[in-house]
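Architecture and fold: a report
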Amino acid sequence: MQEGIQLPTIVVVGDQSSGKSSVLESLAGISLPRGQGICTRVPLIMRLENHLSPQPEIFLEFDGKVLPTDEENISNAISAATEEIAGHGKGISDTPLTLIVKKKGVPDLTMVDLPGITRVPVHGQPDDIYEQISRIIMEFITPEESVILNVLSASVDFTTCESIRMSQKVDKNGERTLAVVTKADKAPEGLLEKVTADDVNIGLGYVCVRNRIGDESYDEARALEATLFETHPLLSTISKSMVGIPVLAQRLVQIQASIIVKCLPDIVRKINDKLSANMEDMNKLPKNLGSVAEAMTAFMHVLGCAKESLRKILIRAEFDEYPDVLEMHCTARLAEMLNQYSDQLQSNTKESESKHNFLRDEIKDLEETKAIGLPNFLPRTAFLVQLQKKVKGIYSAPFEFVDKIWNYIENVVVRVLKHHSDNYPQLSFSIRRAALNLVAKKKKQSIDWVMDIVEMEKLTDYTCNPEYVTALNQLMAQQGKVMEAVRDHGMPPEVHVNGFGQVDVAHLRNNVEIVQEAFDLKMRMTAYWKIVLRRMVDCMALHLLFSLQNLVNKDLEMEIIQSCWAHREMDCSGCSTSLLLWRRSVRG
Ligand SMILES: Nc1nc2c(ncn2[C@@H]2O[C@H](COP(=O)(O)OP(=O)(O)OP(=O)(O)O)[C@@H](O)[C@H]2O)c(=O)[nH]1
């Protein structure tokens, strides 16, 4: 039950002083604390077991303690245990107290006695005593496996009983409710009519009893009860199948047996489910690595699993281990980031020049790079100056991209390694540190590589891509139109140039000689720059994939082995030697 599996239980509920404890002690043939006012202040689980030996065995269990007791002292022992659990006053607690009674002749029953329901707190009770008691009662009677033994005093109107109201909340048609009517001796008038009218819907029927009163012995009480229901002019008219403690005991044993039959398959299933879940949890617990072989096996297992997981999510686009964690669908996330990088490069190099400044920058560079030489000869330096300016404009983008990508990969790698090494606290710290070191190294390599790439683009211009010539020819085809607009002052000063839109050429009319060269320079740069941007994205993609392959297939293993070796944190002597051998073999 502590594991959340409900077992069939007979739960005794009733208004305060209705006689619940008296019924239980009559069934068990032992003394329980009885009296006016609240006596039962904690759930009392009573396990009655028919016992062959004439010597009874009685124990109290609570808070992990087992206290043997005997028939004479049982009432005091329960009162003392109740005080220990719920304090000395009149407060209550939901911590249960278990009473095990192994005694010859008692029915094999397990029942729970609960505090009686009271609406008005007495002196020393908290104001919310009703809510506290209701909560405990509801907790016990709500499970479908519970049979509700509703104890009603013959002297009260059943329809006004609080315990009936509560049991009807969870068992509307009374299918699992049995009523025990106590104090039949005190209020015999109209009892037959009350139990036959069944105004309160009790599905399992009524049993009327007379409990032990005062200092009577159990045998005396049973004999007096039998005589009462035999001879009393009103009570003797009630069917014999509805009166007396022995009838109640027999009914309860039958009910308990039938409910066990009904619930057992489900209980077995729940226990098996729970067992498998617990076994699974247990397998996840940190393992004790007691020998070199065990430590090496664990280490290799963690590494193997982590590598396979990373291979799946970083390279093979298989997400079965993280179906709902989008962040771990790495190939898709990396592709998205690469697309964003490409967009960023494009937007960083968008022409910011206004239509009135067309070719102004090119003319300036041409003038600054001219030398003594033949006219109409495009100086290469002018082209390189323009190229360097362009590269400068996008300089930060590849570095930012590399930073972003490796931060993301670091999170992924650390998460995967943590997942696989959580069970091995001896390893997890070193493994995490190794992962962080490794990603930092890989990031540094990427930054160095980007630095080279950017420098190479700045240094010189080259492509063998035929698209360059095609694009250049298309752009240059517009040269005639532009030059005409520049030369012919009678024409409107605006002309449309593909890729640049409507441009103003009025400012070029004073500088006609150099315009042709400037146009040539601009068109060459436009055609070439497209190639440069594409090359930067393509190379970055290949570099990234290459780095990831290396990380997963060799760097990770090597880094982790070296880290564990360097710090010798595996928690067993001799592991270091084995690691050394293994490290050598991996290197080999
Ligand atoms: N005459 C008579 N008195 C009874 C009978 N059953 C119980 N009593 C008395 O009623 C009083 C209350 O009985 P308990 O058994 O303590 O009642 P309870 O419902 O367990 O009380 P709480 O747990 O404190 O709510 C005691 O004084 C009992 O002796 C009965 O059948 N006949």
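Quick notes on the rules
- Each chain has its residues counted from 1, following the order in which its sequence is written.
- Per-residue local features are limited, in this predicted model, to residues with pLDDT of at least 70; the limit for side-chain atom pairs, both in listing and counting, is 80 or more; totals at the level of whole chains, interfaces and linings are taken over all residues.
- Computation of side-chain values covers all heavy atoms of the structure but excludes hydrogens and water.
- Strands are runs of DSSP state E lasting at least two residues, helices are runs of H or I lasting at least four, and both sets are numbered from the N terminus onward.
- A simple rule labels every residue: compare its accessible area, found with a 1.4 Å probe on the protein chains alone, to the largest value its type can have, and call it buried under 20%, exposed over 50%, or partly exposed in between.
- In what follows, a contact means two residues having at least one pair of non-hydrogen atoms within 4.5 Å.
- Here a salt bridge means any side-chain nitrogen of Lys or Arg lying within 4 Å of a carboxyl oxygen belonging to Asp or Glu.
- Paired strands, in this sense, are two strands between which DSSP finds at least two bridges.
- Axis definition: a line fitted to C-alpha atoms, over the contacting stretch in the case of helices. Angles run 0 to 180 degrees between N-to-C directions.
- A helix's residues, less one, multiplied by 1.5 Å, set its expected span.
- Patch criteria: residues need more than 30% relative accessible area and no salt bridge. Like-charged residues are merged within 9 Å; nonpolar side chains of Val, Leu, Ile, Met, Phe, Trp and Tyr are merged within 5 Å.
- Here the Shrake-Rupley method, with its probe set to 1.4 Å, supplies the accessible areas, and only the displayed protein chains count as covering residues.
- Between N or O atoms, a polar contact is any pair within 3.5 Å; within protein, one atom must be a potential hydrogen donor and the other a potential acceptor, and residues adjacent in sequence are included only when both atoms are from side chains.
- Arc definition: directions from the helix axis to the C-beta atoms.

- You'll find the chain entered in an unreviewed UniProt entry as Dynamin-related protein 4C-like, with Dorcoceras hygrometricum given as the organism.

Let's talk about the overall build of the chain
- Check the secondary structure of the chain and you find 17 helices and 11 strands.
- The buried share of the chain, reckoned over its 588 residues, is 46%.
- Taking contacts inside the chain between residues at least 6 apart in sequence as the whole, the part at least 24 apart equals 76%.

Some details on the pattern of salt bridges
- The full count for this structure, using the stated rule, is 33 salt bridges.
- Note that arginine 212 and glutamate 25 form a salt bridge whose closest N and O atoms lie 3.3 Å from each other. In this pair, arginine 212 sits in the loop between β9 (206–208) and α6 (218–231) while glutamate 25 sits in helix α1 (residues 20–28), placing the two residues 187 residues apart along the sequence. As far as burial versus exposure is concerned, arginine 212 and glutamate 25 are alike and both buried.
- A salt bridge links arginine 524 to aspartate 520; the shortest N-O distance between them is 2.7 Å.

Some remarks on the sheet that holds strand β3 (residues 57–62)
- One open sheet holds the nine strands; their spatial order is β4-β3-β5-β2-β6-β1-β7-β8-β9, and the pairing between them is mixed. In the strand order of this sheet, the two ends are held by β4 (65–69) and β9, each with one partner. Between one strand and the next, the sheet's axes are offset by a mean angle of 20 degrees, whatever the strand orientation.
- As paired strands, β3 and strand β5 (residues 97–103) are joined by five bridges and run antiparallel to one another. Bridge pairing links glutamate 57 to lysine 102 in β5.
- Helix α2 (residues 74–86) contacts β2 (44–50), β3, β4 and β5 of the sheet and is inclined by roughly 5 degrees relative to β3.
- Sitting on the sheet, helix α4 (residues 162–170) is in contact with β1 (9–14), β7 (146–153) and β8 (177–182), with an inclination near 160 degrees to β7.

Comments concerning helix α11 (residues 380–393)
- Between its terminal C-alpha atoms α11 stretches 20 Å, which fits the 20 Å expected from 14 residues at 1.5 Å a residue.
- When we look at burial in α11, the residues that qualify are Ala382, Phe383, Leu384, Gln386, Leu387, Lys390 and Val391.

Let's talk about unusual backbone geometry
- The backbone of asparagine 201 sits at a positive phi, close to 60 degrees, despite the residue not being glycine.
- In this fold, asparagine 201 is placed in the loop between α5 (191–197) and β9.
- Although it is not a glycine, alanine 317 sits at a positive phi angle of roughly 55 degrees.
- The topology assignment puts alanine 317 in the loop between α8 (292–316) and α9 (330–348).

A look at the pairing of β3
- Side chains Ile58, Leu60 and Phe62 of β3 all project onto a buried face; the interleaved residues Glu57, Phe59 and Glu61 project onto a face where none is buried.
- Sheet analysis places β3 next to β4, joined by five bridges and oriented antiparallel. By the bridge assignment, leucine 60 is partnered in β4 with leucine 67.
- Hairpin remark: β3 followed by β4, antiparallel, with two residues in the connecting loop; positive phi at aspartate 63, about 50 degrees.

Considering a nonpolar patch on the surface
- Where nonpolar side chains cluster on the molecular surface, the patch consists of Leu275, Met279, Met282 and Leu285 and spans about 420 Å² of accessible area.
- Relative to the elements of secondary structure, methionine 279 occurs in helix α7 (residues 245–284).

Focus on the side chain of serine 153
- Mapping serine 153 onto the fold places it in strand β7.
- At 2.7 Å, the side chain of serine 153 and the side chain of serine 155 are in polar contact.

So, helix α14 (residues 466–476)
- Among the residues of α14, those classed as buried are Tyr468, Ala471, Leu472 and Leu475. The arc enclosing the buried residues of α14, seen along the axis, measures out at 100 degrees, which places them on a common side. Away from its buried face, by an angle of more than 90 degrees, α14 presents the exposed residues Pro466 and Gln474.
- Structurally, the start of α14 carries an N-cap: the backbone nitrogen of glutamate 467 is 2.9 Å from a side-chain oxygen of asparagine 465.

Let's talk about the environment of glycine 501
- Positionally, glycine 501 belongs in strand β11 (residues 501–504).
- Classification of glycine 501 by relative accessible area gives partly exposed; the value is 22%.
- Residues in contact with glycine 501, not counting those within four places in the same chain, are Val495 and His496.

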